[in-house]
Amino acid sequence: MSDKLEQAKIELRNINEMADIKSNPVVESFLMPVIKSVPVIGDMIDSSMDKVIQDFQQKKETELIDVILKDKNTITSEMVNDVEFIVNYNRTLEAVRRLATNDKVKFFGNLIRNGYLSGEHIACSEFEEYLDILNTLSYREIQCLVDYMLYCEEKNKNRRTPCNVWAYFRRDYAKKMKISESELWSIFTRIKRIGFIEEEFETQSGDVDKEDNTFDSLEVESNGYYIDSSFFRFYDMVLKQEE
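Residues numbered from 1 in each chain as written. Predicted model: local features only at pLDDT ≥ 70, side-chain atom pairs only at ≥ 80, totals over all residues. Heavy atoms only, no water.

**Details of the overall build of the chain**
- When its secondary structure is counted, the chain shows 11 helices and four strands.
- Considering only contacts within the chain whose residues lie at least 6 apart along the sequence, 65% involve residues at least 24 apart.
- When the accessible area of the chain is evaluated, it comes to approximately 15,100 Å², of which 52% is carbon and sulfur surface. (Helix = DSSP H or I, 4+ residues; strand = E, 2+ residues; numbered from the N terminus. Contact = heavy atoms within 4.5 Å. Areas by Shrake-Rupley, 256 points an atom, 1.4 Å probe, with all protein chains shown as cover.)

**Here we look at the side chain of Arg113**
- Position of Arg113 among the secondary structure elements: in helix H6 (residues 105-116).
- A distance of 3.3 Å separates polar atoms of two side chains, one belonging to Arg113 and the other to Asn110.
- Apart from residues lying up to four places away in sequence, Arg113 is in contact with Val67, Ile68, Lys70, Asp71, Ser118 and Glu242. (Polar contact = N/O pair within 3.5 Å; in protein donor to acceptor, adjacent residues only side chain to side chain.)

**Side note on the nonpolar core**
- Of all hydrophobic cores here, the largest spans 52 residues; its most connected members are Phe188 and Phe231.
- In terms of residue count, the dominant contributor to this core is helix H8 (residues 139-155) (eight residues).
- Aside from chain neighbours lying at most four places away, what touches Phe231 is Leu145, Val146, Met149, Phe196 and Leu239. (Core = buried A, V, L, I, M, F, W, Y, C linked by side-chain atoms within 4.5 Å. Buried < 20%, exposed > 50% of the residue type's maximum accessible area, 1.4 Å probe, protein only.)

**A short note on the packing of aromatic side chains**
- Across all of its chains, the model carries 21 aromatic pairs by this definition.
- Residues Phe85 and Tyr116 carry aromatic rings whose centres are separated by 5.7 Å and whose planes lie at 75 degrees to one another, so their mutual orientation is edge-to-face. One end of the pair, Phe85, is in helix H5 (residues 83-97); the other, Tyr116, is in helix H6, with 31 residues separating them in the sequence. Like Phe85, the residue Tyr116 is buried in the burial classification.
- Each residue in the set Tyr148, Tyr151, Trp166, Phe169, Tyr173, Trp185, Phe188 and Tyr225 is aromatic and connected to the rest through ring pairs, giving one cluster.
- Taking NZ or CZ as reference, Lys106 lies 4.9 Å from the ring centre of Phe107, over its face. (Phe/Tyr/Trp six-rings, centres within 6.5 Å; stacked < 30°, edge-to-face > 60°. Lys NZ or Arg CZ within 6 Å of the ring centre and 35° of its normal.)

Spelled out as structure tokens, the structure:
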């Protein structure tokens with residue numbers, strides 16, 4: 001792990017800890033007045049904490065705006081004066097403010113830009129679904145899903161058709177990410193609830209009962225996952241990074 005990445009993680013952890021402390025009702029009601037009562041130092045501590053939190057939020061909001069306005073020359077006043085756009089932009093901004101890191105900010109920006117400001121007007125229900133998915137999935141889960149899609153396309157000659165190469169992917173990807181295959185299974189089990197992947201099962205028969213010629217048991221085993229076609233639109237609108 002690089003020194004810069006480690007330092008960024010430390011800074012983020014400090015920011016989150018400060019935000020949690022500052023927003024704690026006990027601190028707000030009892031401790032902060034005591035701290036602020038200390039001449040000079042109290043006011044410095046209070047203002048410093050507020051500034052760190054404010055700067056972090058401002059950084060996320062600025063990144064969101066940068067993503068949205070990437071093609072600002074194509075944006076018209078009619079696009080942004082729409083009531084639905086204004087409401088959903090505010091919902092997106094609020095979601096970004098709740099993020100603990102900046103990793104997913106670009107995805108929220110893509111949803112606004114590609115959904116409303118690139119010649120397409122996304123259906124409000126679809127926007128709500130995509131916004132909920134972004135709030136639900138972690139950055140790591142999103143990255144695993146994208147990497148599996150790209151892996152399938154590579155094995156399937158870039159055709160977006162159902163393709164189950166899970167046995168190869170879990171081996172190669174677990175090794176690449178330095179995680180166990182069981183952990184990768186757990187990640188995809190969580191992703192499955194979104195509906196962007198489907199699990200494929202194989203039924204194996206048990207022993208045959210010689211008297212009535214029936215199977216006495218059936219064993220069902222998972223063959224892994226394939227990407228559901230519904231994911232491709234979400235990927236193109238929300239996750240795909242323009243070169």
